[in-house]
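# A closer look at the structure
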Amino acid sequence: LMSAGKINPDTFFSENYITDGMKALYEGVMRRFEGQSDDGIFRLKQTLGGGKTHNMIALGLLAQHPDLRNKVMGSAYKTSFNKPVKVIAFSGYETPQYGIWGFMSESLGKKDFFKDYYEPLTAPGQTAWKELMRDESLLILLDELPVYLEGAKARQIGNSDLATQTALALTNLMVAIGSEELKNVCLVMSDLTANWQAGMELVQDVLRNLNAQTQRAARDFTPVQPNSDEIYQILRKRLFENDADPTKVKEIAKAYGEALKEAKLVGMTSDSPE
């Protein structure tokens, strides 16, 4: 959607509430592009419908539109990075012909760069990833990988399968992102807690391998805090252009509380006004 220009960034941000998780993730990503942080792998953790894809879209738009960064996120973190960033966005519900590595190279306009890894589909190594992305300012968004990996298990490749090759390719990519050559590359991925178990286990294997080879781990973020009022704030921002008069809010809340109290007295509800 972002690459096709189908999302108007001004409309998107005017209708959306910026959560604490989004602020923290944005700061982490911008510090990476500013050259102030070695953290280049970020993971969004939450169940289906928890705001992961939404956060990725926001990041993608801010990467592509430098003029929006301090305008939208300046109250959370003022960045000094003012260059546009290329964005590769992959959804786990897609099935590209030449795997994730073919999808990424084609997105960069370099489809033939990985031609030696297409027939048969074979995971590119760290050096190949470095050569593909060298000197790029690039944000990679991998949404719902477990879904893709579970489907890829059914695609046999010799004595292996596409899921195994994809996991190896991702491990090599993530290790490469920790190198000096790819210091301007940042990867944000999501998972689905308690869903797509086999795919989740492969993602965990990738992250364990990353840690074993680099002694670095992906930084975890929760897009929306379930034990806060953020869901309420998101809905209010989405539904209403203007805030209500605070005195009217109190008046209506008081009347609603009185109605609940009466309902509880006559046994219509067990909820208390509080």
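Preceding this paragraph is the structure being described.
Each chain carries its own residue numbering, running from 1 in the written order of its sequence. Given that the model is predicted, a residue must reach a pLDDT of at least 70 before its local features are reported, and side-chain atom pairs must reach 80 or more before they are shown or counted; all residues, however, enter totals for whole chains, interfaces and linings. With hydrogens and water set aside, each side-chain value is computed from the structure's full complement of heavy atoms.

### Section: the side chain of Lys130
Operational definition: Here a helix means four or more residues in a row that DSSP labels H or I, a strand means two or more in a row labelled E, and each is numbered from the N terminus. Should any heavy atoms of two residues lie within 4.5 Å, those residues are counted as being in contact.
You can see Lys130 is positioned in helix α6 (residues 126-133). Excluding residues that lie within four positions of it along the chain, Lys130 makes contacts with Ala176, Ser179, Glu181 and Leu182.

### Digging into the sheet that holds strand β1 (residues 41-44)
Inclusion rule: Strand pairing is assigned whenever DSSP identifies at least 2 bridges connecting the two strands. Axes here refer to lines fitted to C-alpha atoms; in helices the fit is confined to the stretch in contact. Angles between the N-to-C directions go from 0 to 180 degrees.
Strands sit in the order β2-β3-β6-β1-β7 across an open sheet of five strands; the sheet is parallel. With partners counted over all chains shown, the strands left at the sheet margins are β2 (86-91) and β7 (219-221), one partner each. Looking at each pair of strands side by side, their axes are set apart by 20° on average, direction ignored.

### So, the packing of α6 against helix α8 (residues 162-177)
When two helices pack together, their arrangement is given by the angle between the helix axes and by the axis-to-axis distance. We apply this condition: An angle below 35 degrees is treated as roughly parallel, one above 145 as roughly antiparallel, one from 65 to 115 as roughly perpendicular, and anything else as oblique. Left-handed describes a crossing in which the near helix is turned anticlockwise from the far one by less than a right angle; the clockwise case is right-handed. Asp, Glu, Lys and Arg are counted as charged, while Ala, Val, Leu, Ile, Met, Phe, Trp, Tyr, Cys and Pro are counted as nonpolar; the rest, among them Gly, fall into the polar class.
Contact geometry of α6 with α8 gives a least axis separation of 8 Å together with a crossing angle of 60°. For the element pair α6 / α8, the angle class is oblique. Crossing hand, α6 versus α8: right-handed. Taking contact as the criterion, the partners of Gln126, Trp129, Lys130 and Met133 in α6 are, on α8, Ala169, Asn172, Leu173, Val175 and Ala176. Here the residues of the contact of α6 with α8 are counted per class, giving six nonpolar, two polar and one charged.

### Regarding unusual backbone geometry
The omega torsion across Glu119 and Pro120 is 0°, close enough to zero to call that bond cis. Within the secondary structure layout, Pro120 lies in the loop between α5 (99-107) and α6. In the Ramachandran plot, Asp135 falls in the positive-phi region, its phi being about 70° despite a non-glycine side chain. If you trace the backbone, Asp135 turns up in the loop between α6 and β3 (138-143).

### With respect to the nonpolar core
What counts here: To form a nonpolar core, buried Ala, Val, Leu, Ile, Met, Phe, Trp, Tyr and Cys residues must be joined to one another through side-chain atoms within 4.5 Å. Partly exposed describes any residue whose relative accessible area lies between the buried limit of under 20% and the exposed limit of over 50%, with all areas from a 1.4 Å probe on protein chains only and scaled to the type maximum.
Grouped together as the largest cluster of nonpolar side chains are 44 residues, with contacts concentrated most on Met104, Trp129, Met133, Ile140, Leu142 and Leu187. Among the elements that make up this core, the one with the highest residue count is α8 (10 residues). If we skip the residues at most four places from it in the chain, Leu142 touches Met56, Phe90, Met104, Leu170, Leu187, Val188, Met189 and Ser190. Ile18, Val29, Met73 and Leu141 belong to the second largest nonpolar core, which has 29 residues in total.

### Regarding a nonpolar patch on the surface
The line we're drawing: Patch membership is restricted to residues that have no salt bridge and whose relative accessible area is over 30%. Joining uses 9 Å for like charges and 5 Å for the nonpolar side chains Val, Leu, Ile, Met, Phe, Trp and Tyr. Note on areas: Shrake-Rupley, 1.4 Å probe, and residue coverage restricted to the protein chains presented here. When a carboxyl oxygen of Asp or Glu lies within 4 Å of a side-chain nitrogen of Lys or Arg, that pair is called a salt bridge.
On the surface, Ile231, Leu235, Leu239 and Phe240 cluster together to form a nonpolar patch covering roughly 440 Å² of accessible area. Structurally, Leu235 can be placed in helix α10 (residues 230-239).

### Quick word on α6
All buried positions along α6 are accounted for by Ala128, Trp129, Lys130, Leu132 and Met133. Contacts made by the buried residues of α6 are with α5, β3, α8 and β6 (185-190). One or two steps after α6, the chain reaches Asp135, where phi turns positive at roughly 70°.

### Section: the environment of Ile234
Here Ile234 shows up in helix α10. In this view, Ile234 contacts Tyr17, Thr19 and Val224; residues no more than four positions away in its chain are not counted.

### Details of the packing of helix α3 (residues 52-64) against helix α4 (residues 66-73)
Closest axis-to-axis distance for the α3/α4 pair is 5 Å, and the angle between their directions is 125°. Of the possible angle classes, the one that applies to α3 and α4 is oblique. In this structure, α3 uses Leu62, Ala63 and Gln64 to contact α4, whose residues at the interface are Pro66, Leu68, Arg69, Val72 and Met73. Across the contact of α3 with α4, the residue classes tally to six nonpolar, one polar and one charged.

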